[in-house]
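Summary of the model geometry
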Amino acid sequence: MQASTFTVKGNTGFGLQNRRILQGVSDLRSRNLAGKSLRMTERNSCFGVSMDSASMGIELGRARRTVQSVFGSSAKARSHRVRAAGKDIEDAAPLKVQGQSSGSVLPYVGVACLGAILFGYHLGVVNGALEYLAKDLGIAENTVIQGWIVSTVLAGAFVGSFTGGVLADKFGRTKTFILDAIPLSVGAFLCTTAQSVQAMIIGRLLTGIGIGISSAIVPLYISEISPTEIRGTLGTVNQLFICIGILVALVVGLPLSGNPSWWRTMFGLALIPSVLLAIGMAFSPESPRWLYQQGRISEAETSIKRLYGKEKVAEVMGDLEASARGSSEPDAGWLDLFSSRYRKVVSIGAAMFLLQQLAGINAVVYYSTAVFRSAGITSDVAASALVGAANVFGTTVASSLMDKQGRKSLLLISYTGMAASMMLLSLSFTWKVLTPYSGTLAVLGTVLYVLSFSLGAGPVPALLLPEIFASRIRAKAVALSLGVHWIMNFFIGLYFLSIVTKFGISTVYMGFALSCLVAVVYITGNVVETKGRSLEEIERELSPAI
């Protein structure tokens, strides 16, 4: 669950400061760029569902006026870097819009979100299927092999997360999506037809590589084709679709109790969105930013026409040109991440994902069905589906609070709630007085835990990292943070069952609770609030020039 994956290359296109709208008009060559953004409403379609600008089909909890800005606006913005006082300063302002756009980015965002759905589906599908595939493959008593089946996908994701950005830079965003469909499809097919543990592990490894690539290119593509005003919200939409993918995987597992061989169908269903992703991206426009960086100017103009309408070509092209001229400081190397200038901020980014995993979220996602069964709940798969629904609900609520409560406060609320929920779960398995209610408390505690996670610990890191990382280190710093995420995810998935067998579920849950309390202390002392602050303010505080 992640998710929290947001990789932005170079920040030479549209900026990330979607909260700051500057008034006035000045020359494109000057340091401060501003414009007025006109908000329009229009009819759009995502996944074939008709909707107006006030609705996505799934309520994101935002006020009507904000959502109209999100899905009906054609306002463009950019990030413009200049050198001042020896620092790399970023500022963002929307481009001036003279009329209603004849293009729309929403259908292409919908296609990209198929990658996010697959991300969540492959993480969650093993939850209900593990017991049944273990019996079919003859490993019902071998928790170590079962752990490898769970965790191999995470090892593949670690590899994919580092290669996704490289492929996207070399071949383009849409072609990388099409290439990504290959390991996703082949992996799903091998899992569906596996007659041995080796075939299953290879299939899981390939799907892991596929979702690792998706974790990098889905938010990258969305950020590069979307107006600045909606980039933060669409970052939450990416996380929302990951949660939806997990929920779909849990719901698809409901027929397992009556049909044990259904687990093969569960893995096979992932072939459908994989193929649709490849087909959809074959007809989707390439990122104008990437095309411009490759010197393919005419193709960039064609892409802009499809995304925003022909009346926006001059504006967007002018923005890309000005942004390219404004880039002064070269991209940092890997060793620069550990320099005195960036060491602190990079450590904060890595810690966000380290703490996220030590809090136990993926152990809950992968093994909630087994935990519910041990608590005596007969409808264990249905209970796990309830957990997935809580995750989706919490993420929609978080999207409306992100720019109101602030990132740091949501993280603190989230980890505090997670700690309390884990303590409740731990006590429900140990206090004899609670034994008659252990089943109910197991469901209640797990749902509250996932709900708390989805309010902050899940979506905030994906939005926070692009804000705290300076532009010249952003791509590599995010890749490093994702690497920490997938490594921890791998080991937790691999050893969770073995540790539970040795120490008991109550002790493990109490360990997760303590990790959440450590996170509260760390966030209080190290994470800065980025709500309402410009990137230059954040950079001056976290990455001052030497």
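Residues numbered from 1 in each chain as written. Predicted model: local features only at pLDDT ≥ 70, side-chain atom pairs only at ≥ 80, totals over all residues. Heavy atoms only, no water.

In terms of regular secondary structure, the protein chain is built from 20 helices and four strands. Expressed as a percentage of its 546 residues, the buried residues of the protein chain come to 62%. A separation of at least 24 residues holds for 82% of the contacts in the protein chain among residues at least 6 apart in sequence. For the protein chain, the computed accessible surface area is about 19600 Å², with 64% contributed by carbon and sulfur atoms. (Helix = DSSP H or I, 4+ residues; strand = E, 2+ residues; numbered from the N terminus. Buried < 20%, exposed > 50% of the residue type's maximum accessible area, 1.4 Å probe, protein only. Contact = heavy atoms within 4.5 Å. Areas by Shrake-Rupley, 256 points an atom, 1.4 Å probe, with all protein chains shown as cover.)

We now examine helix H2 (residues 106–136). End to end, H2 covers 43 Å across 31 residues, agreeing with the expected 45 Å (1.5 Å per residue, within 8%). Burial within H2 is extensive, with 27 of its 31 residues counted as buried. With its phi angle positive at about 75 degrees, glycine 138 sits one or two positions after the end of H2. (Expected span 1.5 Å × (residues − 1).)

On to the packing of aromatic side chains. Inspection of every chain in the model, using the stated rule, returns five aromatic pairs. An angle of 80 degrees between the planes, with centres 5.7 Å apart, marks the rings of phenylalanine 177 and tyrosine 221 as edge-to-face. Taken as a pair, phenylalanine 177 in helix H4 (residues 173–193) and tyrosine 221 in helix H5 (residues 197–225) lie far apart in primary sequence, 44 residues in all. An identical accessibility class is assigned to phenylalanine 177 and tyrosine 221; each is buried. Measuring from ring centre to ring centre gives 6.3 Å for phenylalanine 491 and tyrosine 495, while their planes differ by 5 degrees; the resulting arrangement is stacked. Separated by four residues within a single helix, phenylalanine 491 and tyrosine 495 lie in helix H18 (residues 474–503), roughly one turn from each other. Overall, the relative accessible area of 42% leaves tyrosine 495 in the partly exposed class. (Phe/Tyr/Trp six-rings, centres within 6.5 Å; stacked < 30°, edge-to-face > 60°.)

Looking now at the pattern of salt bridges. Overall, the coordinates contain four salt bridges when judged by the stated rule. Close ionic contact of aspartate 169 with arginine 173 constitutes a salt bridge, the shortest N to O distance being 3.2 Å. Overall, arginine 173 belongs to the buried group, its relative accessible area being 0%. As a salt-bridge pair, arginine 296 and glutamate 299 come within 2.7 Å of each other at their nearest N and O atoms. Arginine 296 sits in the partly exposed class, given a relative accessible area of 31%. (Salt bridge = Lys/Arg side-chain N within 4 Å of Asp/Glu carboxyl O.)

Turning next to the environment of lysine 135. Assignment of secondary structure puts lysine 135 in helix H2. On the accessibility criterion, lysine 135 (52% relative accessible area) is exposed. Along the backbone, lysine 135 and proline 260 are 125 residues apart, and their C-alpha atoms lie at a distance of 9.3 Å.

Attention now moves to the confidence of the model for the protein chain. Detailed conclusions should not be drawn from predicted coordinates in areas where pLDDT is low. With 70% of its residues at a pLDDT of at least 70, the protein chain reaches an overall mean of 74. For residues 1–102, every residue scores under 50 in pLDDT, and the model assigns this stretch 325 contacts once sequence neighbours within four places are set aside. (pLDDT = per-residue confidence, 0-100.)

With that out of the way, let us pick up the nonpolar core. Leu133, Tyr415 and Ile473 are the most contacted members of the largest nonpolar core, which has 129 residues in total. Sorting elements by how many residues they give to this core places H2 first, with 19 residues. (Core = buried A, V, L, I, M, F, W, Y, C linked by side-chain atoms within 4.5 Å.)

As a packed pair, helix H3 (residues 143–171) and H4 sit with axes 7 Å apart at the nearest point and diverge in direction by 130 degrees. One element, H3, and the other, H4, form an angle in the oblique class. Helix-helix and strand crossings are classified by hand; for H3 and H4 the assignment is right-handed. Judged by residue contacts, Gly164, Leu167, Ala168, Asp169 and Phe171 of H3 engage Arg173, Lys175, Thr176 and Leu179 from H4. Of the residues contributing to the contact of H3 with H4, the split by class is four nonpolar, two polar and three charged. (Axes fitted to C-alpha atoms, helices over the stretch in contact; angles between N-to-C directions. Parallel < 35°, antiparallel > 145°, perpendicular 65-115°, else oblique. Left-handed = near helix turned anticlockwise from the far one by under 90°. Nonpolar A, V, L, I, M, F, W, Y, C, P; charged D, E, K, R; others polar.)

Close contact between helix H15 (residues 407–430) and helix H16 (residues 438–455) brings their axes to 8 Å; oriented N to C, the two are set at 165 degrees. Classed by the angle they form, the pair H15 and H16 counts as roughly antiparallel. The hand of the H15/H16 crossing is left-handed. Along the contact surface, H15 presents Leu410, Ser414, Gly417, Met418, Ser421, Met422, Leu424, Leu425 and Ser428, while H16 presents Ser438, Leu441, Ala442, Gly445, Thr446, Leu448, Tyr449, Ser452, Phe453 and Leu455.

Below, the discussion takes up helix H12 (residues 343–358). Three- or four-residue spacings in an α-helix give side chains the same orientation, since the helix completes a turn every 3.6 residues. Between the first and last C-alpha of H12 there are 22 Å, a value that for 16 residues agrees with the 22 Å anticipated at 1.5 Å per step. Taken together, the buried positions of H12 are occupied by Val345, Val346, Ile348, Gly349, Ala350, Ala351, Met352, Phe353, Leu355, Gln356 and Gln357. Looking one or two residues beyond H12, the residue adopting positive phi is glycine 360, at roughly 95 degrees.

With respect to the element layout, histidine 122 can be found in helix H2. You can call histidine 122 buried: its relative accessible area is 2%. Apart from residues lying up to four places away in sequence, histidine 122 is in contact with Leu184, Ala188, Arg204, Thr207, Ile211 and Ala270.

A few words now on the environment of lysine 312. Topologically, lysine 312 is positioned in the loop between helix H10 (297–308) and helix H11 (313–326). Judged by relative accessible area, lysine 312 falls into the buried class, the value being 1%.

Let us look at the environment of valine 443. The topology assignment puts valine 443 in helix H16. Accessibility expressed as a relative area gives 17% for valine 443, which makes it buried. Considering only alpha carbons, one finds valine 443 and leucine 386, 57 residues apart in sequence, at a separation of 8.6 Å.

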